[in-house]
Amino acid sequence: MVVNKNLKTAADGDTKIALPRRSAWQALTRHHETLRTRQLRDLFAGDAGRAERFQLEAAGLFLDYSKHRMTDETMTLLFDLARQSGVEARRDAMFAGERINLTENRSVLHVALRAAPTDTYMVDGQNVVPEVHQVLKRMATLANSIRLGQWRGYTGEPIRNVINIGIGGSDLGPVMAYEALRHYSRRDMTFRFVSNIDGTDFTEAVHGLVPAQTLFIVSSKTFTTLETMTNAHSARDWLLRSAKDPAHTARHFVAVSTNAGAVREFGIDPANMFGFWDWVGGRYSMDSAIGLSTMLAVGPDNFARLLAGFRAMDQHFRTAPLEKNMPVIMGLLAVWYNNFFGSQTVAVLPYDQYLKRFPAYLQQLTMESNGKSITLDGTPVDYQTGPIFWGEPGTNGQHSFYQLLHQGTKLVPCDFIGFSRSLNPLGNHHDLLMANIFAQAEALAFGKTAAEVKAEGTPDWLVPHRTFAGNRPSNVILAEVLTPEVLGALVALYEHSVFTQGAIFSIDSFDQWGVELGKVLAKRIGSELSAATDSGLTHDVSTNALIRRYRRARA
Ligand code: F6P
């Protein structure tokens, strides 16, 4: 076994015993055998206090987790597993600024991005909070000057359009937050997001916009990402087709990055660059300057409210006992289905149109974090790690994939997310929307027996088709209304749930080596596609043939 010399952390001792050999894991394996066939109907029938016992409030969110295939004993064993897996020690190590991202030898301190000015978060002996607030202040100055029409483009007109160019964590957080907080956004300004290297994305994003009124935010932690840099160059060309003089780009480009040198080389004035730090992972960066487009859209005060929501959930995660800790409970239940019931996926089903990009955002957060198969000590896992996250806003999903959720052969735990009040009250729409959440969670859990179907007069041959087995688990997450604070708390809830799962799996939830190979190959193939000669292709025969076919077609 090759052991990384950076492996020593405060939490190291807790992960020495391989996951399947931890006593809680073995107890859960035995316990699962006894619980596997138990029905939620029965668990509820014999336990009037179940709903009350398995619910929790934190940071403005309410979680009902009673509709899970578990008992008090299950939860006790899961908490044992969390303790034996060093979840608390690893969490404390994160908050203490230790380099828990072992393979990149970095601290993991996105929690410092939403710290109050009086908080302290240390990295290498230095409190990083003042620096975080300095950047927030500069962002607010820029946001205000653009929102007030004081920042002018090259013709002297105010900026009306903002385009964020970024990908992955430099896109998904901003676009998700913009959509989620659209209610709070400036309606007289246009916000668009370009991520894909497909030229269609850029072309459509600038369609109908006046260059003199357009600001590009080039968002890239590394400032080397192929997609982002290609789009940024196309943006500059687009602007210069009207502006002509390269000096005019200064009024139309700002950058968000950790790479000042590359920003300068691109031609963006460092005065218009907003920095962040290597202790912020891309998929954990929406609270950093990567959130500049969000701040421009909703204003500095609403951005501060968003951060306050994150902070409230951070505080809860950091201080609540495991038994009352919302992200820990959600993480443990995710492990319960993933590793004991063999569930492959989790469906995230927000019943709020503003959260339409939330499942896409969670895909990167969860799968880039926990889609790993090597443990922290360098050995391959012999158990499942992170589940696949996917979803769509309700009620649309009900008319497409819910059939499989209710009657398919797969067990898909669901997270329903809803709000007591709508931001857009309209007749009885909201009651009907919420009725659907409660109905779906109930139908999944309790189903409809053959006897019930038959009693409705259904002919015998049709009874099996109309029967719902039930016993399908879900979380129901509720909040009063979708505010910036609630959005922050919701994202932090999933961040820390992912953390909990990663700690149990003993993996590095903060690296992403799995994206590298494709990048390297794409670079190589990119130059091969335009090569003049047909020789020199040394890929497998399938890839060689595909490249030749494309070359012929493009010629
Ligand atoms: O390819 C994956 C990734 O590295 C993500 O982790 C990151 O969010 C994204 O690319 C964008 O990276 P950057 O912000 O450096 O352009």
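Keep in mind that what you see is a predicted model, and the values were worked out from it rather than measured.

Reading the values: rules and limits
Residues numbered from 1 in each chain as written. Predicted model: local features only at pLDDT ≥ 70, side-chain atom pairs only at ≥ 80, totals over all residues. Heavy atoms only, no water. Pairing = 2+ DSSP bridges. Helix = DSSP H or I, 4+ residues; strand = E, 2+ residues; numbered from the N terminus. Axes fitted to C-alpha atoms, helices over the stretch in contact; angles between N-to-C directions. Contact = heavy atoms within 4.5 Å. Parallel < 35°, antiparallel > 145°, perpendicular 65-115°, else oblique. Left-handed = near helix turned anticlockwise from the far one by under 90°. Nonpolar A, V, L, I, M, F, W, Y, C, P; charged D, E, K, R; others polar. Buried < 20%, exposed > 50% of the residue type's maximum accessible area, 1.4 Å probe, protein only. Expected span 1.5 Å × (residues − 1). Near = heavy atom within 4 Å. Polar contact = N/O pair within 3.5 Å; in protein donor to acceptor, adjacent residues only side chain to side chain. Areas by Shrake-Rupley, 256 points an atom, 1.4 Å probe, with all protein chains shown as cover.

> Help me out: how do you make sense of the sheet that holds strand β2 (residues 61-64) in this one?
Across a sheet, strands are paired by hydrogen bonds formed along the backbone, either parallel or antiparallel in direction. Strand order in the open sheet formed by six strands is β1-β2-β13-β12-β10-β11, and the pairing between neighbours is mixed. The sheet terminates laterally at β1 (55-58) and β11 (388-390), the two strands that pair on one side only. Across the sheet, the mean angle from the axis of one strand to that of its neighbour is 20°, orientation sign disregarded. Strand direction decides the pairing type here: strand β10 (residues 345-350) and β11, joined by three bridges, are parallel. From the neighbouring strand, Ala347 faces β11, where its bridge partner is Trp390. Contacting β10, β11 and β12 (414-419), helix α14 (residues 358-370) runs over the sheet at an angle of about 165° to β11.

> What's the story with the packing of α14 against helix α19 (residues 484-505) in this structure? I'm lost.
A packed helix pair is summarised by two numbers, namely the angle formed by the two axes and the spacing between the axes. α19 packs onto α14 with a crossing angle of 25° between their chain directions and a minimal axis gap of 10 Å. Here α14 is positioned roughly parallel relative to α19, judged by the angle of their axes. The two elements α14 and α19 cross, and the hand of that crossing is right-handed. Across from Phe358, Tyr361, Leu362, Leu365, Thr366, Ser369 and Asn370 in α14, the residues of α19 making contact are Leu490, Val491, Tyr494, Glu495, Val498, Gln501 and Gly502. By residue class, the composition of the contact of α14 with α19 is eight nonpolar, five polar and one charged.

> How should the pairing of strand β7 (residues 214-219) be read in this particular structure?
A regular strand places its side chains on the two faces of the sheet in alternate fashion. Across the six residues of β7, six count as buried, placing the element largely inside the fold. Residues Thr214, Phe216 and Val218 point to one face of β7 and Leu215, Ile217 and Ser219 to the other, with burial holding for every one of them. The pairing of strand β5 (residues 161-165) with β7 spans five bridges and is parallel. Within the sheet, the bridge partner assigned to Asn164 lies in β7 and is Ile217. Sheet topology note: the β7/strand β8 (residues 253-257) ladder contains four bridges and is parallel. When the bridges of β8 are listed, Phe216 appears paired with Phe253.

> Whenever I open this one, helix α10 (residues 226-243) confuses me. Can you help?
Every α-helical turn comprises 3.6 residues, leaving residues that sit three or four positions apart pointing alike. When the terminal C-alpha atoms of α10 are compared, their 25 Å separation across 18 residues agrees well with the 26 Å that a helix rising 1.5 Å per residue should span. Every buried residue of α10 is accounted for by Thr228, Met229, Asn231, Ala232, Ala235, Trp238, Leu239 and Ala243. Lys244 sits one or two residues past α10 and shows a positive phi near 65°.

> Just checking my understanding: could you explain the site of the ligand for this structure?
The local shell around the ligand holds 14 residues, among which Gly169, Ser170, Ser220, Thr222 and Thr225 are the closest. Contact distances for the ligand include 2.7 Å between an oxygen atom and a backbone N or O atom of Lys221. In this structure, an oxygen atom belonging to the ligand sits 2.6 Å away from a side-chain N or O atom of Thr222. Here the ligand, which alone exposes 390 Å², has 87% of that area covered by the protein. Partitioned by chemical class, the residues of the shell around the ligand number two nonpolar, nine polar and three charged.

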